[in-house]
Every structure is written in C-alpha cells, then in structure tokens.
Amino acid sequence: MATSPCSSSGVSSSSSSGLGADAGLEIRTRSVEQTLVPLVSQITTLINHKDRPKRSDKTLQAIQRVGQAVNLAVGRFVTVGEAIANENRELKEEMSVACIEARRAGETIAQLTDVASLDHPESDSHITIFTDKTGVVKAARLLLSSVTKVLVLADRIVIKQIITSRNKVLATMDQLEKVSSFQEFVQIFSQFGNEMVEFAHLTGDRQNDLKDEKKKARMAASRAVLEKCTMMLLTASKTCLRHPDCESARINKDGVFHRMRLALEQVIEIVTDSRPNGENEMAPISIYSGIKEFKNKVEGLRENLYFLSKENLSTMLEVILEHTEDFTDSAYTSHEHREHILELSKQAKMELEQLVSVWMQAQNQKTKDLMEDLEVAILKTCQCMNDLKREVHSAATSLAADLLKYHTDHMVLKALKITGVEGNLEAVAEYTCKLSEQKEQLVEMCRLLRHVSGTEPLEITCIHAEDTFQVTGPQIISAAETLALHPSSKIAKENLEVFCEAWESQLSDMSLLLREINDVFEGRRGEKRVYLSLPRPGKHNANLKALKPVKLDTEEQAKIAKLGLELHLLTSDVDSETEKWEDQENEIVQHGQGMSSMAYSMYLFTRGEGLLKTTQDLFHQAEIFATEGTKLASALHALSDQVHDDKPLLLLEAEKLISMCKQLQITAKASAQGKSATFTKVDACILKTRNVMTLLCQLLPLCCKLLRKTKAGNGCLKPAPPWKEDKIRTTTNARTPERRVDTFGIKSLENHVTNMTFLESK
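Only a predicted model underlies this, so the values are computations on that prediction, with no experimental measurement involved.

Q: Go over the overall build of the protein chain with me, naming the residues and quoting the values.
A: Helix and strand counts for the protein chain stand at 21 helices and zero strands. Across the 762 residues in the protein chain, those meeting the buried criterion constitute 50%. With an accessible surface of roughly 36100 Å², the protein chain has 51% of that area assigned to carbon and sulfur atoms.

Here is the structure:
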C-alpha cells in the first residue's frame, strides 16, 4: 500500500514571526515534531531580534554565532539525509532536492547574519543588525520546509519497514493456513514467531511516536489482538491438524486467521493514514462528547447571540437524547436509572425551549434584564445536561460493576471445560447458550460504557473490548464443541484453555478500564490532578541540558509491564482508601493522594505514555515520591503523639516507611552507565515504589480507624496542636518542560538538529 511523501508525517506549523513550513505537510509523529522544535526556536530568535532596531556589538556577535551554528547543524543534518537517500533509491531524487534546498537556506542565513556584511557606523555604539529582513524570513521558511521534507521522507522509510514486515507476516500466515503436517507447521510457525516479534517492535515504536491519541489507542487495540491471537493461532492450528475432519475445529482456526488479518490491515491503515476504497473514518459518537459540544455552543451565547441558529441547537439536543435511548431501551438498565434519564431528557427539552425564547428576545432587544434572564437560562440548561451526564454515567458504571462482579468466578467457562472433557455434548450445548447470554450482557456493557468513557482513547478501548467479546465468545463455543467431540484430545483441551484465558483476560482488562473511566469522570487523573514534580525550565536547571534523554524500548516495556500493572492496581487501591476519609484536607490524605498520582505517572512510563518521557524524568519523580513519603511519615509521628491505641504499631509502620523511602532515594540518585544498568535502575525504582505503595495501602485504613475513634469521643487522643500548622504540600507546575522523544528511524537526523545551542534573549 503506497503512501505519499506527506501522508505519514508532515508539517503544519507556524510561529509568531510569520514563519511557516510547507502548508501541504502535516506533522503526525512526535519525533518529527520534536526534531523541529530547536530549529524553529533558533530561527524565531533570529527573526525576533530584528524587531528591535539597535543592538550592541556583543549581541551582534552572538547573533552571528547563531547563524553560523544553524548553518553547521544543517550541514551535518543534510549529510545524514544524503546518506539515507543513497541507501533508498526510490526516495533519492526527492531527498536530494530537499537536502540541496536545506543546505542553500542554511548558507543564506549564515551570510545574512555575518557581522562583516553589516554597516558599522563609528558614531553609534548600537547598530542595525539586518539589512534584509525579507531575505532572512524567506531563507528561514525555505529551511523549515526543506528540513521537514527530509524528516518526512525519512519517516516514509520507517513506514515502508512496517509495511514490509506486515507483508512477511501475511505471506507466512498463508503458508501456515495450508500446511498439512505437524513437522512442516512447526518449522513455519518458528519463522512466523520471529516475524511477529519484529512486527511488534516496529509497531510498538510507531505507537509511542504517534501524536494523535485516537490513533495510538487504535494501534494499541490492534497490537493487543495480534499478541493474543498468536497463541490462539498456534493451538487452533494444531487442533485442526490433529482433527482434520472436525468442522468446529476448522471454524475455530478460520476465525483466528480472519481476526489477525483484520488487525494487520488496521495497523497499516493507521500507519499510512489511509482507509480502504477511500472511506472516511467514522468517529464514534458518545453522549459525553455530544453534551460537551452542546454546552460549548450554549455557553458561547454569552459572547455572541448570532453565531448559530436555534435549529442547530435543537438538532444537537435531539441527537444526544437519541443516544440516551441506548440506555432507556436496554434490558440491563435498572428501572430507577431509566426513569431518571427519561425525566432529565424531558427537562432538557423544556430548558432549551426557555433558553431559545429568551435568546430570541435578546437578539431583538438587548436589555440588562433580558441578558440576566439569558444567563439564568444558560446556567439552568447546562446544569440539566450535567445532571443527565451524571445519570448515564451512574447507569453504565453500576451495570459494569455488577456484571464484572457476577462473572468474576468464571463458572460458565469452568463448566464448559469439565463437560467438554466428559464428552457431554448436551451439557456443552447448555453452557454455550449461557456463554452467549453472558456475551450479550458484556457487549451491551461495553456499548454503554463507550457513551460515558470521557475521552476518545477510552471510547476506542471500549469499542475494542466490545469486538473482543463478540469474537471470542463464538470461538470458545467452537473450541468447546471440538473438545466434546474429541474428549481425550490434549491439544483440543489446551486450545479451549487458551480461548478461555483470553476471555478472562478481557474481563480483567474491563475492571481496569472501569477504574480509568471513573477516574476521568471524578477528575482524579489528567490535568485536573497533577502531582508531578518534574524540573522546571530556567536558569536553575541549566545543568539538565547536558542529560541525554533515554526512553525504554518496546522489549524493556514488555519486561516491566507486570510490575507496572501491579503499581497501577495499587494506585487505585490507595485512591479508594483516601476517598473513605471525611476530611479530604487532612495532611495524611494529601500526601497519600500525591504519592498515588506520582506512582500512576510512573506506571504510565512503563507503557511509554504520560508526562515522564525519559528515564531521567522517572528517576527524578522517584526522588520526589520518596520525599513525599518521608513527609507522610512525619505526619504519622505527629498522629502517634496524640493516640494511645495502636501507637506502637503506627510508629513501627512509620519507621518502615522512612527506611523504604531512603532506599528509594538512594536507588534513584545512584549513577547508571549503559543501557543494561539503566534498565536495572528503572526496574529497581518501580519495584521499590510498588513496595511503598503496598505499605501505604495498609497505613491509610489504620490511620482512618484512629481518627474515627477520635470522633467517637473514646478518649484515645491526647490534646495536641492542629496538624495543619506549617503544612507543606508538594505542588507541580503542570507545564512540564517539553523534551525530545528518542524514537526509531530518524535518530541520527534528530541529533544534528538538537545539538544546536539556543541563543538567550539579551
């Protein structure tokens, strides 16, 4: 599948100086974007200096040095680009043209910033620095455009690698599908496994590099399918080879191959940004996104009474209310939730009618009273939509929680395994009906959760979960039927186990997804609650410029994934414990919440996501986490001075916390040279953070119990000054510094651009 030079990642960026790269290019990957950041900054600095007409000799010489630095960096950059062109003949002509343009633009900038070419009036210590601003702007635009083209062309090579890898996988799959002997199958599957590992590494890197969060989520879903289906393909194919005349075994195998091919195709669609037959991607529409857009329009009436029509607003509400029918028509929505949703839908129509009436009057006569009435109508309409949003969220999440709890014992799967081994076809048929019912419940749950997921990536995850239940259910049934027909077959039994494990795994994933959806709804994650303590840009952190950003590769992420998942579960447990406290401003709660959020950011790092981009970010975060733990230990000591009951236990736990935090700080500050040592240090930091979080899960309920005894008036407290005196909280600048992401494919090009030194404003 071919792609144009601009289809993979291009530039659509501009600066306040009027600089802009080729409008036909759009950046789609972080590596290309971050490679351009220092170049744009440097050129913008040069252009902006022209806005102030006079400069000293010192500043003039500094500007000349920047011009020369740009030219030298571009020269090195172009050398790498030309080497890439020589290795890839199909791109050689385009790459060569872009390199020539970049070199020419860099030389022009060096000439226009050359002190020797400027006038030096001896009577004035301040001189004019540029005699040709138009020439500099023109050269700057050409430089940005040509450098971007080189990066985009280099990125096309990465896309080509992924497509080539996909084609290898498909070709080997075709061979696997046709084999008729075990010996041949084993040989070809070994090759298939190696090819899948290569494809997983390439697509994993690409997933981390994508800017678009929706595409990242789609890529993650497709890669998850491929990962799980690889084992399914092995056992399903072996079962089919062992029982070649079994129809259910063939259906089972065909289903796996079909699903893998669809997932491979979706990966290529994401990578090349294309759809088959030129189709447009249909974005999923949810109640949350509809309400958000509707409220934005309604609140926009405060600024402009004429920017949309009443028909437009009415149509938007109608669409939202149509989607609420997914809840009111569902057999799994409780009667109470259904009645509340219907009442709020009716109220929303009434509030909009009142809003439109006042709005139309305000358009004709803009009096103070009418504007006040309009404000009241806007507030009442938005409040009604918030209530509707809260109600559908409650309906979806309560259903999900009940279903996941009910199905946690996996009784139907266990029964299918037992009756299959017994060869009891009648009992297998009975339990497959029950599994089909369970599948319909879980599919409906996913559809309702999608409406309240809160973010587009979570919407996509819900859709993926729905597809997984839809497909895996029938595959379990065909595997169970095969086992019932061949009850003594070890491979048929193993095959059923694999599909059942996939079902159980998806149920486990749903529990995590439900927690994330609740986190987003309650504002416990994201921009609203950030406790990160990354270094802030400025003169006090000048030494950080020398640090080389290091990021975990896909293989390292896989190794540390289990530890990261354990950390994620612990953050949810800590959040649940802190929510039980009546006083949310309590010092212990505040420190606990801060540590939980920092631990969550470290979990995201293990997945290649979040604000911690490099290992250095992680180590710094671990230090801040340990410091926060030490502060919590001080708060525990303060509490122990006020209580009699459980005082020895509380002191023991506090000392244990201090010791663990000290060990974490020592680990985080220890030097690590080389890739292996760095990964070992990362693993140790995550492990020790997990241990601290485990202790925190034990401490919070103990402290909560002691405080409840206090309120019960049982005399277990001694008089003491308030805890909140001299209280210190860890705060964060949410605007963490931008850092370049080390990614595959164009590292050498990045290095030559990012090595340029910024010119500080005088």
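Q: Describe the side chain of Q506, naming the residues involved and giving the relevant values.
A: Following the sequence through the fold, Q506 ends up in helix 15 (residues 490-522). The exposure class of Q506 is buried, given its relative accessible area of 3%. Residue contacts for Q506: discarding those within four places in its chain leaves K228, H464, A465, T468 and F469.

Q: So what's going on with the pattern of salt bridges? Which residues, and what values?
A: The final tally for this structure, using the stated rule, is 21 salt bridges. Here R390 makes a salt bridge to D387, at a shortest N to O gap of 3.0 Å. On the criterion of helical spacing, the pair formed by R390 and D387 is a turn pair, its members being three residues apart in helix 11 (residues 368-406). With a relative accessible area of 45%, R390 lands in the partly exposed category. On the accessibility criterion, D387 (24% relative accessible area) is partly exposed. Where K434 meets E430, a salt bridge forms, and the shortest distance between an N and an O atom there is 3.9 Å. With a gap of four residues between them, K434 and E430 both fall in helix 13 (residues 425-451), about one helical turn apart. Take K434: its relative accessible area is 37%, and that puts it in the partly exposed class. Taken together, the salt bridges that share partners define one network made up of D174, E177 and R261.

Q: If you had to explain the confidence of the model for the protein chain to someone new, which residues and values would you point to?
A: Counting all residues, the mean pLDDT for the protein chain is 79, and 79% of those residues have values of 70 or more. At the level of individual helices and strands, the protein chain shows its lowest average pLDDT in helix 21 (residues 747-754), which scores 40, and its highest in helix 13, which scores 96. Across residues 714-762, where pLDDT falls below 50, the model places 122 contacts with residues more than four positions away in sequence or in other chains.

Q: Which residues make up the packing of aromatic side chains, and what values do they have?
A: The tally for this structure, following the rule as stated, stands at five aromatic pairs. Taking 5.7 Å as the distance between ring centres and 50 degrees as the angle between the ring planes, the aromatic pair formed by Y600 and Y603 counts as tilted. Taken as a pair, Y600 and Y603 lie in helix 17 (residues 587-606) at a separation of three residues, close to a single helical turn. Given the relative accessible area of 5%, Y603 is considered buried. Through successive ring pairs, a cluster of aromatic residues spans F185, F189 and F192.

Q: Which residues make up the environment of K216, and what values do they have?
A: Locating K216 in the fold gives a position in helix 6 (residues 213-242). What makes K216 buried here is its relative accessible area of 10%. When the C-alpha positions of K216 and I460 are compared, they lie 9.8 Å apart, and in sequence the two are 244 residues distant. Residues contacting K216, with those up to four places away along its chain left out, are R30, Q207, N208, L210 and G608.

Criteria and cut-off values
- Residues numbered from 1 in each chain as written.
- Predicted model: local features only at pLDDT ≥ 70, side-chain atom pairs only at ≥ 80, totals over all residues.
- Heavy atoms only, no water.
- Helix = DSSP H or I, 4+ residues; strand = E, 2+ residues; numbered from the N terminus.
- Buried < 20%, exposed > 50% of the residue type's maximum accessible area, 1.4 Å probe, protein only.
- Areas by Shrake-Rupley, 256 points an atom, 1.4 Å probe, with all protein chains shown as cover.
- Contact = heavy atoms within 4.5 Å.
- Salt bridge = Lys/Arg side-chain N within 4 Å of Asp/Glu carboxyl O.
- pLDDT = per-residue confidence, 0-100.
- Phe/Tyr/Trp six-rings, centres within 6.5 Å; stacked < 30°, edge-to-face > 60°.

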